[in-house]
Amino acid sequence: VALKRMLNFNVPPVKNSTGEPVWKVLIYDRFGQDIISPLLSVKELRDMGITLHLLLHSDRDPIPDVPAVYFVMPTEENIDRMCQDLRNQLYESYYLNFISAISRSKLEDIANAAIGANAVTQVAKVFDQYLNFITLEDDMFVLCNQNKELVSYRAINRPDITDTEMETIMDTIVDSLFCFFVTLGAIPIIRCSRGTAAEMVAVKLDKKLRENLRDARNSLFTGDTLGAGQFSFQRPLLVLVDRNIDLATPLHHTWTYQALVHDVLDFHLNRVNLEESTGTESTPAGARPKKKNKKSYDLTASDKFWQKHKGSPFPEVAESVQQELESYRAQEDEVKRLKSIMGIEGEDEGAISMLSDNTAKLTSAVSSLPELLEKKRLIDLHTNVATAVLEHIKTRKLDVYFEYEEKIMSKSTLDKSLLDMISDPDAGTPEDKMRLFLIYYISSAQAPSEIDLEQYKKALMDAGCNLAPLNYIKQWKAFTKMASAPTSYGNTTPKPLGLFSRVMNTGSQFVMEGVKNLVLKQQNLPVTRILDNLMEMKSNPETDDYRYFDPKMLRGSDSSVPRNKNPFQEAIVFVVGGGNYIEYQNLIDYIKGKQGKHVLYGCSELFNATQFIKQVSTFDNN
């Protein structure tokens, strides 16, 4: 909503206005691009009158009769470039929008440039948008993508970090969270664990919100914000959690569609990049191997199949793709018939959308054809994505890993020894084995004895694992208070429903032989459990000493005693140090069971197990 308002020159777009939109160009930096691209497609931008969208630091030609909407971070180099645009008289008028608040001195720089370029009248509006966060789903956001290593898990947990470096990281996180609440139009009640980075964020955010409320003339939280209608009258709860309370989940193999895509494919800001294998025909000896085609697909809110199945167990997804395909095949003859009516048998789909409806039968064909073709596009997309995921599941036996880890995390009896799993040459990559062992190490009440550990280490080395992450996890475990009582992950394990034979008859796209059809049981992960305690006001030793902040209270008090004893309707969980889709999905499943309650999940960065292992492996060098 905020972006659309900005693209409409900062006035709310009028519904059902038939007039042409005002044509304009959009100039953004990489930060702006990352914020807009998961939310608005090129088509939606065009519908809002954006004919061109260009990066600020690219070579841009002057378009003197068009207004330009800028959406950039207020950095030194961005400001310089904007001043240069003013001097070069690139556009008719300038709407300057800053992602995060611009400082007084930088504003003056722009003003001086505008005076110098004689362009003061052309600078139509200057706005602080407070949009310095990336929304990936209706209920999920992440802080940043550019420079994310500055706020990464590794950056926050470096043993040799200086106080000033830590302050900078915390300020960056707080700036984004502040933007988030300005956009929501709500002042949260903040709870956080003590003695963690999350606590530092809480203290700073409380102060920043407090100072903004104090300054009544310039407060950003007065009634007429966008968010006024989005939340109920009750204020939301913000739970700040530190990644270090649970390091097993980021390493865990998973079984739901979205989390699997993120784990095994290249999935980033809602776009998945696949390498297409170009058929199986063998290349003649000595010939160059064929180049693989790279394809990328956007998995968005408008994709109904994705919305419905992103949280489903993988076997269910494969079955649903198959069903969709069969129902489409039934309509395929209809598509052929429509195409022939319109005389465009061999034409590409693009030409179809260009046709204007001139006769009655064309009209019906034109209206139903795009819908069918869109359906086909989504089926192809998910067939490709799911096939790519399935290939990983089968070659790496991810179903076996998932099931085994769930047993470890829920303290069930194991049907196969961990050593056997590690030394089985057919199961998983070295990294899969390392993840499994780390989860075992993190979840075990007593660390394995030195003798056992040596034996495990040898098996891991023999399997080709890099032991660097283990050294970090070892120190971490020794250091965390949690080591005395490891986080419990509930005590249910997934139930196999027999193999896939029933669903996947021979006609299926997906050859599922040997993949376990595991069904998930809802069990709350640590982050969800903490939220449940705080949202429902349950007393629990795990969360009883969480600090309580209310930025609306005149005097901040250092208490753990909530003033408000009623359960919350809305909550935001934010993980300092990085999050993942497993946790997000777990929260969504939890809140489904609570009538009328909402929860949003945010994190300082989103990483999969591979990226997380990479981060903890680099600790070894210092």
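Residues numbered from 1 in each chain as written. Predicted model: local features only at pLDDT ≥ 70, side-chain atom pairs only at ≥ 80, totals over all residues. Heavy atoms only, no water.

S.K.: Would you explain the overall build of the protein chain in this entry?
M.R.: Secondary structure assignment for the protein chain yields 21 helices and 17 strands. A burial count over the protein chain gives 51% of its 622 residues as buried. Sequence-distant contacts, at least 24 apart, represent 78% of the contacts inside the protein chain between residues at least 6 apart. (Helix = DSSP H or I, 4+ residues; strand = E, 2+ residues; numbered from the N terminus. Buried < 20%, exposed > 50% of the residue type's maximum accessible area, 1.4 Å probe, protein only. Contact = heavy atoms within 4.5 Å.)

S.K.: Is there a simple way to think about the sheet that holds strand β10 (residues 266-268) in this case?
M.R.: Note: strands within a sheet are paired through backbone hydrogen bonds, in either parallel or antiparallel orientation. Strand order in this open sheet of three strands is β10-β11-β12, and the pairing throughout is antiparallel. The open sheet has two edge strands, β10 and β12 (293-298), and neither has a second partner. In this sheet, neighbouring strand axes are inclined to one another by 25° on average, regardless of whether the strands run parallel or antiparallel. As judged from the six bridges shared by strand β11 (residues 271-276) and β12, these two strands associate in the antiparallel manner. The residue bridging R271 from the neighbouring strand is D298, located in β12. (Pairing = 2+ DSSP bridges. Axes fitted to C-alpha atoms, helices over the stretch in contact; angles between N-to-C directions.)

S.K.: For this particular structure, what's the right way to read the pattern of salt bridges?
M.R.: Where charged atoms of side chains with opposite charge meet at close range, the side chains can pair. With the rule as written, the count across this model stands at 30 salt bridges. Among the ionic pairs, R104 bridges to E108, the shortest N-O distance being 3.0 Å. Here E108 and R104 lie together in helix α5 (residues 104-116), a separation of four residues that amounts to about one turn. One salt bridge connects E536 with K597, and the closest N-O pair in it is separated by 3.0 Å. With E536 in the loop between α19 (526-535) and β15 (547-549) and K597 in the loop between α20 (581-592) and β17 (598-603), this pair connects stretches of sequence that are 61 residues apart. Accessibility assignment for this pair places E536 and K597 in one class, buried. One network of salt bridges, in which partners are shared, links D263, R396, D432 and R435. (Salt bridge = Lys/Arg side-chain N within 4 Å of Asp/Glu carboxyl O.)

S.K.: Looking at this structure, how should I read the packing of helix α14 (residues 398-409) against helix α16 (residues 430-443)?
M.R.: When two helices pack together, you describe them by how their axes are tilted relative to each other and by the distance separating the axes. In contact at an axis separation of 9 Å, α14 and α16 are set at 10° when each is read in the N-to-C sense. Relative to α16, α14 is oriented roughly parallel. On α16, the residues touching L398, Y401, Y404, E405, I408 and M409 of α14 are D432, K433, L436, I439, Y440 and S443. Residue composition of the contact of α14 with α16, by class: eight nonpolar, one polar and three charged. (Parallel < 35°, antiparallel > 145°, perpendicular 65-115°, else oblique. Nonpolar A, V, L, I, M, F, W, Y, C, P; charged D, E, K, R; others polar.)

In short, the description is geometric, and any link to function would need to be established separately.
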